[in-house]
Amino acid sequence: MSLPMKKPNFEQTIEIFCLIIWLLFTVLSAFFMVTLEVSTLSVITYFFLVLCPLALLLYHFKQRVIKPFYHLSTTIEAIKNEEYGQRFYTSESSGILHSLQQETQQLCQQLQSFKSERDHQAILLFRLIEQLPSPIAIFDNNTALVHANEAFSNWIGKPWQSQRLLKAHKFSLEYHSGYWRFNHSTLGDEWQLRYSELTIAGTQAHLVILTDVQAVVSQAQRDAWQKMIRVLSHEIHNSLSPIKSLAQTLIEIPSTQENQADFEQALGVIVQRSDGLMSFVNRYASVAKQHQLDIETISINDLLTPLVGLFDNRVRLTIEQDFTLQIDQSLLEQALVNLIKNALEAGGENNAVYVKAYHNHKFAGIEVLDEGHGIKNADNLFVPFYTTKAAGKGIGLILAKNIVEQHNGKLSLTNRKDAQGAIAHIQLPLMAVST
């Protein structure tokens, strides 16, 4: 069984070509020498003076042809290793080799620039990570630790530098099917994992961030307490200031028959403000109160038409199609009255308020539109007792929202897009609606 002949490579082809030329020249020379009956001394002289230099010339030709390819191979290998100082070089001042030298030099310069920019970005990333308070680690594609910050060192209880290149499972982390997770379930109750992929030094890596769940919850609680304290301090201060002032006045003024009426008036104000403060505390307790719903069936026309009549024809009602709702009528009326009163106060005496109702077979919608100046501080709209009105209580919107949500609906308040003003939108779920 004969083995298939192996095709010669480029170097072997050049060697065979040079050997064929030398052999051909030698055979032709020998033929002429035999024909001319040249002497032995002449043959030896011809061999050393012609054939040997010819062999050296062909060897030099082979090296001249192959050498640029060796240089190019070395340059490409250096580029693969991101070593751009090793570049293809030729002594030619023109021709294809000179062009190849210029092209490889430009390529190396561009790659060196890309590498410098990428390294700079990686350094900035590492510096940013080191400044963040949350534990952050970077793992390579084999889940080995390559970089981390001081918070991560505190989390594992050791300097991360001493744990470099250790696998993620050593830190109770694991990567599976594109997801990172804890391999101890108890850690998931205390920490939240966030992760993403990134490229560092030309290789894929994984950025893993650990967030303290308790810290997030505590921050949310602090924000809620700050809002509540702000409102409470404002209301209590407004109530206690006049009480303190009147009490101080009563202490300083001696009681006589002539100023008895003033005393009684001042005491009346103190009682009134005390009752107001007590009412405020009671209202605060009612904001989150769960009402006992008395569900009944009522048409949207019967719900809204009487309400519109309460406001001296300043409210324009539009009902696209009559349908019925399964609701607590008195509570929802209370929510709508609050929204319509807010709209009337926002629009002023000369502007109308528009109430629209519709049903799109998915949910029922009730909209209250005003022509006021719009919403300026949307963040505090549903903060209890927050108000921008001088005589406002800051409770109407939050009570309306509470009532709507107990009907499994939604209440939103946004600026109008079709005109100046705001729009309050009530959305009730399909199960509370029937046609």
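See the structure shown above.
Keep in mind the model is a prediction, meaning the values are calculated, not measured.

Student: For this particular structure, what's the right way to read the pairing of strand β2 (residues 145-148)?
Tutor: Working note: regular strand, side chains alternate between the two faces of the sheet. Across three bridges, the pairing between strand β1 (residues 136-140) and β2 is antiparallel. By the bridge assignment, isoleucine 138 is partnered in β2 with histidine 147. The loop that links β1 with its antiparallel partner β2 comprises four residues; one of these, threonine 143, has a positive phi angle of about 60°.

Student: For this particular structure, what's the right way to read the side chain of serine 299?
Tutor: Secondary-structure assignment places serine 299 in strand β7 (residues 296-299). Engagement of the side chain of serine 299 in a polar contact is seen with the side chain of aspartate 302, the distance being 3.0 Å. Serine 299 has contacts with Asp322, Phe323 and Thr324, leaving out every residue within four places of it along the chain.

Student: Looking at this structure, how should I read the side chain of glutamine 163?
Tutor: Looking at the element boundaries, glutamine 163 is found in the loop between α4 (150-156) and β3 (173-176). On the basis of relative accessibility, which here comes to 13%, the residue glutamine 163 falls in the buried class.

Student: I would appreciate a short explanation of the sheet that holds strand β5 (residues 191-200) in the present structure.
Tutor: Sheets are built from strands that pair by backbone hydrogen bonding, the pairs being arranged parallel or antiparallel. Across the sheet, four strands lie side by side as β2-β1-β6-β5; this open sheet has antiparallel pairing. Because the sheet does not close on itself, it has two edges, and the strands there are β2 and β5. This sheet shows a mean twist of 25° between the axes of neighbouring strands, independent of strand direction. As judged from the five bridges shared by β1 and strand β6 (residues 203-212), these two strands associate in the antiparallel manner. Following the sheet pairing, aspartate 140 is matched in β6 by alanine 205.

Student: How do you make sense of helix α9 (residues 329-347) when you look at a structure like this?
Tutor: Think of an α-helix as 3.6 residues a turn; residues three or four steps apart then line up on the same face. End to end, α9 covers 27 Å across 19 residues, agreeing with the expected 27 Å (1.5 Å per residue, within 8%). Every buried residue belonging to α9 is among Gln329, Leu331, Leu332, Ala335, Leu336, Asn338, Leu339, Ile340, Ala343, Leu344 and Gly347, and all of these are buried. Once α9 finishes, glycine 348 follows within two positions and takes phi at roughly 90°, a positive value.

Student: I would appreciate a short explanation of the packing of helix α2 (residues 40-80) against helix α3 (residues 95-131) in the present structure.
Tutor: For any two helices packed against each other, the geometry comes down to the angle between their axes and how far apart the axes lie. One can describe the packing of α2 onto α3 by two numbers: an axis separation of 12 Å at closest approach and a directional angle of 5°. Regarding the angle of α2 to α3, the classification is roughly parallel. The residues of α3 that touch α2, namely those facing Pro68, Leu72 and Ile79, are Leu97, Leu100, Thr104, Leu107, Cys108 and Leu111. Classifying every residue of the contact of α2 with α3 by side-chain character gives eight nonpolar, one polar and no charged.

Student: Honestly, the sheet that holds strand β12 (residues 410-415) in this entry has me stumped. Any pointers?
Tutor: Strands sit in the order β8-β10-β11-β13-β12 across an open sheet of five strands; the sheet is mixed. Looking at the sheet topology across the chains shown, the edges are occupied by β8 (315-319) and β12. Each neighbouring strand pair of the sheet contributes to a mean axis angle of 15°, computed without reference to strand direction. As defined by bridge partners, strand β11 (residues 363-369) adjoins strand β13 (residues 422-429) across seven bridges and the pair is classed as antiparallel. Directly across from alanine 364, in β13, lies its bridge partner leucine 428. Taken strand by strand, helix α8 (residues 300-308) contacts β8, β10 (353-359) and β11, and its axis lies near 170° from that of β8.

Student: Teacher, can you tell me more about the pattern of salt bridges here?
Tutor: Side chains carrying opposite charge are able to pair once their charged atoms draw close together. As enumerated under the stated definition, the model contains four salt bridges in all. With its nearest N and O atoms 2.8 Å apart, the salt bridge here joins glutamate 174 to arginine 181. Judged by relative accessible area, arginine 181 falls into the partly exposed class, the value being 43%. Between arginine 416 and aspartate 418 there is a salt bridge, with its nearest N and O atoms 3.0 Å apart.

Conventions and cut-offs
Residues numbered from 1 in each chain as written. Predicted model: local features only at pLDDT ≥ 70, side-chain atom pairs only at ≥ 80, totals over all residues. Heavy atoms only, no water. Pairing = 2+ DSSP bridges. Helix = DSSP H or I, 4+ residues; strand = E, 2+ residues; numbered from the N terminus. Polar contact = N/O pair within 3.5 Å; in protein donor to acceptor, adjacent residues only side chain to side chain. Contact = heavy atoms within 4.5 Å. Buried < 20%, exposed > 50% of the residue type's maximum accessible area, 1.4 Å probe, protein only. Axes fitted to C-alpha atoms, helices over the stretch in contact; angles between N-to-C directions. Expected span 1.5 Å × (residues − 1). Parallel < 35°, antiparallel > 145°, perpendicular 65-115°, else oblique. Nonpolar A, V, L, I, M, F, W, Y, C, P; charged D, E, K, R; others polar. Salt bridge = Lys/Arg side-chain N within 4 Å of Asp/Glu carboxyl O.

By themselves, these observations are geometric and do not establish any function.
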